[in-house]
Amino acid sequence: MAQQEDVFKKLVSHCKEYGFVFPSSEIYDGLGAVYDYGQNGVELKNNLKKYWWDAMVLLNENVVGIDSAIFMHPTIWKASGHVDAFNDPLIDNKDSKKRYRADVLVEDQLAKYDDKINKEVEKAAKRFGESFDEAQFRSTNTRVLEQQAKRDALHTRFAKALNDSDLEELRQIIIDEEIVCPISGTRNWTEVRQFNLMFSTEMGSTSDGAMKVYLRPETAQGIFVNYLNVQKTGRMKLPFGIAQIGKAFRNEIVARQFIFRMREFEQMEMQFFVKPGTELDWFAKWKETRLKWHKALGLGDQKYRFHDHDKLAHYANAATDIEFEMPFGFKEVEGIHSRTDFDLSSHEKFSGKNIRYFDPESGESYVPYVIETSIGVDRMFLSIMAGSYKEEVLENGETRVVLTLPPALAPVKLAVLPLVKKDGLPELARTIIDDLKFDFKCQYDEKDSIGKRYRRQDAIGTPFCVTVDHQSLEDQTVTIRFRDSMEQERVPVSQLRAIMAERVSYKTLFKQLNG
Ligand code: GAP
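Residues numbered from 1 in each chain as written. Predicted model: local features only at pLDDT ≥ 70, side-chain atom pairs only at ≥ 80, totals over all residues. Heavy atoms only, no water.

1. Points about the overall build of the protein chain
- Secondary structure assignment for the protein chain yields 18 helices and 23 strands.
- For the protein chain, buried positions account for 48% of its 515 residues.
- A sequence separation of at least 24 residues applies to 65% of the contacts in the protein chain between residues at least 6 apart.
- For the protein chain, the accessible surface area stands at approximately 25,800 Å², while carbon and sulfur atoms represent 49% of it.
- The average position of the 72 basic charges and that of the 80 acidic charges among the side chains of the protein chain differ by 2 Å. (Helix = DSSP H or I, 4+ residues; strand = E, 2+ residues; numbered from the N terminus. Buried < 20%, exposed > 50% of the residue type's maximum accessible area, 1.4 Å probe, protein only. Contact = heavy atoms within 4.5 Å. Areas by Shrake-Rupley, 256 points an atom, 1.4 Å probe, with all protein chains shown as cover. Lys, Arg positive; Asp, Glu negative; His and termini not counted. Charge placed at Lys NZ, Arg CZ, Asp CG, Glu CD.)

Rendered as structure tokens:
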């Protein structure tokens, strides 16, 4: 665990040191849970968005995109349920004056029971060596059973309190479990209160009677309220989808784990409108399609898993998360939800407008059902960085840090490096860049030894380094060095474009989606 935390710390500082992610407003000591993307981060993020967008809009004839505004009519958030129910339960410690999410305090307590159990298992494993039977130990050891019973009882009580939205019971659990504030060390807790996660601001001047508007907490509602516009103007027939990428805002109270939980973040959401009764088949299909999309990146199939929801939101009839193994455990990266007709019906009711779909085949009008795929760009970014970050010990004993990013996503595709800063080598390197820069993001670097320059490119995940040497002047060939194998090959300059095009194309990823 400590080792994993260590990896995570290294990853966060790597992101900063190599221009991927900076804390927002850093010279003013930062702004909690808000981050900026640097020169390499923005390239990776844009490439990632393109991978998602094209996989949705280019590869599916019946999926189109939109870009709706962040500000929307405030009644939309009444209809969606966000005004009344998009809450976190908060509790304050009266001594430290610190505020916590009550549910997170209890989750941390559950994790403590798990830790205790795991420690017992680890100790026993060491003691018994190879003959250790973990399953048997877990089911018979009295200390383990005692902790497990306490954990299970807490879990049942906690799940019921959440289900019933019983805030008093939630507080009572914190008291009974003797949970203390990590800062003051006391149990002097306030009541638990619901806290709405939406940011609000005012639109129009006060003399006009300003209107309270919200910064959208999800992009999905922009799709729902445009569903009929798109359906009619695009002459779309069910089933069809609408995709959107955009910013979302949530006033997260427990904001931790770097860009995993942010207050300003980006979502890539797709609402797929289907005939009622067919939604569970489509849900299964999109589950499979989305997992393939993730796995095609080659970060390792074992790093992904589904987490099907036992407890469904009142409007859903199926839901799952795609989780990725982050350095701090398996965590949700994407949600796939079968949302029934909840959102569209609710907008129909609140707006008073008919937004039914006329089915030309059956001659009926009905409110379509919706399958939603919803993924956070920033979480996806973090998963790619975590899955690609490697520290390798080389044959000569040196270590290198390398990001084994899929070439299509790498911020820089090609570095062109003159071996020395003279004899016409820089000029030839520049000519190569001038030729290739229309198609690929290239970088020129002439400073330091060639080894150091390779390391700099490895650290930002550049898949190819082209070295221009004296032989290049004679025969118009260069060496191309491959990031992952570190092998080098001499190739004619005239072939560079074709070599690159083949390897950095999104097509290599998309082809895996069809299989
Ligand atoms: N429209 C459905 C929806 O918004 P969600 O599970 O609340 O569902 C979907 O969010 C995805 O958005 C999550 O799987 C996660 O990747 C991302 N996300 C949610 N809250 C986030 C936050 N505070 N910071 C970063 N990403 C977040």
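Now that the structure has been shown, the text picks up again.
2. So, a nonpolar patch on the surface
- A surface patch of nonpolar side chains, amounting to about 320 Å² of accessible area, comprises Ile70, Phe71, Met203 and Met211.
- If you trace the backbone, methionine 203 turns up in strand E7 (residues 200-203). (Patch = residues over 30% accessible without salt bridge, like charges linked within 9 Å, V, L, I, M, F, W, Y side chains within 5 Å. Salt bridge = Lys/Arg side-chain N within 4 Å of Asp/Glu carboxyl O.)

3. Observations regarding the site of the ligand
- As a structural note, the neighbourhood of the ligand is formed by 19 residues, with Glu218, Met262, Glu269, Glu332 and Val333 the closest of them.
- Between the ligand and the protein, one listed contact pairs a nitrogen atom with a backbone N or O atom of methionine 262 at 2.8 Å.
- Side-chain polar atom of glutamine 267 to an oxygen atom of the ligand: 3.0 Å apart, as the coordinates give it.
- When the ligand is considered free in solution it has 550 Å² of accessible area, and contact with the protein chains removes 91% of it.
- Looking at the shell around the ligand, the elements that each hand over two or more residues are strand E10 (264-274), strand E13 (329-338) and strand E16 (369-376).
- When residues of the shell around the ligand are assigned to their parent elements, the largest contribution, four residues, is made by E13.
- Grouping the constituent residues of the shell around the ligand by class yields five nonpolar, four polar and 10 charged. (Near = heavy atom within 4 Å. Polar contact = N/O pair within 3.5 Å; in protein donor to acceptor, adjacent residues only side chain to side chain. Nonpolar A, V, L, I, M, F, W, Y, C, P; charged D, E, K, R; others polar.)

4. Some words on the packing of helix H2 (residues 39-58) against helix H13 (residues 377-388)
- The contact between H2 and H13 brings their axes to 10 Å, and the two run at 110°. Judged on the interaxial angle alone, H13 and H2 are roughly perpendicular. Of H13, the residues touching H2 (which contributes Gly41, Leu44, Lys45, Leu48 and Lys49) are Val377, Asp378, Met380, Phe381, Ile384 and Met385.
- Tallied by class, the residues present in the contact of H2 with H13 amount to seven nonpolar, one polar and three charged. (Axes fitted to C-alpha atoms, helices over the stretch in contact; angles between N-to-C directions. Parallel < 35°, antiparallel > 145°, perpendicular 65-115°, else oblique.)

5. Focus: the sheet that holds E13
- Spatially, seven strands are ordered E3-E9-E10-E16-E13-E12-E11 in an open sheet, and the strand pairing comes out mixed. Edge positions in the sheet fall to strand E3 (63-65) and strand E11 (304-308), since each has one partner strand and no second. Taken pair by pair, the neighbouring strands of this sheet meet at an average axis angle of 25°, ignoring direction.
- Bridge count between E13 and E16: five bridges; the pairing is antiparallel. Its bridge partner being in E16, glutamate 334 is matched across the sheet by isoleucine 375.
- Here H2 sits on the sheet in contact with E3, strand E9 (240-249), E10 and E16, set at roughly 160° to E9.
- Packing of helix H11 (residues 279-295) onto the sheet brings it into contact with E10, E11, strand E12 (318-326), E13 and E16, and relative to E13 it is tilted by some 145°. (Pairing = 2+ DSSP bridges.)

6. What about the pairing of strand E22 (residues 477-482)?
- With six of its six residues buried, E22 lies for the most part within the structure.
- Burial along E22 is two-sided: the face carrying Thr477, Thr479 and Arg481 and the face carrying Val478, Ile480 and Phe482 are both buried.
- Note: strand E21 (residues 464-468) against E22, four bridges, orientation antiparallel. Within E22, the position partnered with phenylalanine 464 by the bridge is phenylalanine 482.
- As paired elements, E22 and strand E23 (residues 488-492) share five bridges and run antiparallel to each other. The residue of E23 that forms the bridge with arginine 481 is glutamine 488.
- The turn joining E22 and E23, which pair antiparallel and follow one another in sequence, is formed by five residues; a positive phi near 60° is taken by methionine 486.

7. Some remarks on the nonpolar core
- In this structure, Phe20, Tyr51, Trp52, Trp293, Phe381 and Leu382 are the most contacted members of the largest nonpolar core, which totals 61 residues.
- Split by domain, this core shows at least three residues from each of two domains, domain 1 (1-74 + 197-389) and domain 3 (394-514).
- Each residue touching tryptophan 293, except ones within four places of it in the same chain, is listed here: Leu48, Tyr51, Trp52, Ala55, Met268, Ile375, Met380 and Leu513.
- Within the second largest apolar cluster, 23 residues are counted, among which are Phe440, Cys442, Val466 and Phe482. (Core = buried A, V, L, I, M, F, W, Y, C linked by side-chain atoms within 4.5 Å. Domains from an automatic or database assignment.)

8. Re the pattern of salt bridges
- Scanning the model with the defined rule gives 37 salt bridges in all.
- A salt bridge links aspartate 343 to arginine 339; its shortest N-O distance comes to 2.8 Å.
- On the basis of relative accessible area, aspartate 343 is assigned to the buried category, the value being 2%.
- Residue lysine 447 pairs with aspartate 448 through a salt bridge whose shortest N-O separation is 3.8 Å.
- Exposure remark for lysine 447: the relative accessible area of 52% places this residue in the exposed category.

9. Brief notes about the environment of arginine 455
- Secondary-structure assignment places arginine 455 in helix H15 (residues 450-460).
- Look at arginine 455 and you get partly exposed, because its relative accessible area is 25%.
- If we ignore the near neighbours within four places in the chain, the residues touching arginine 455 are Leu394, Glu398, Thr399, Arg400, Val401 and Arg481.

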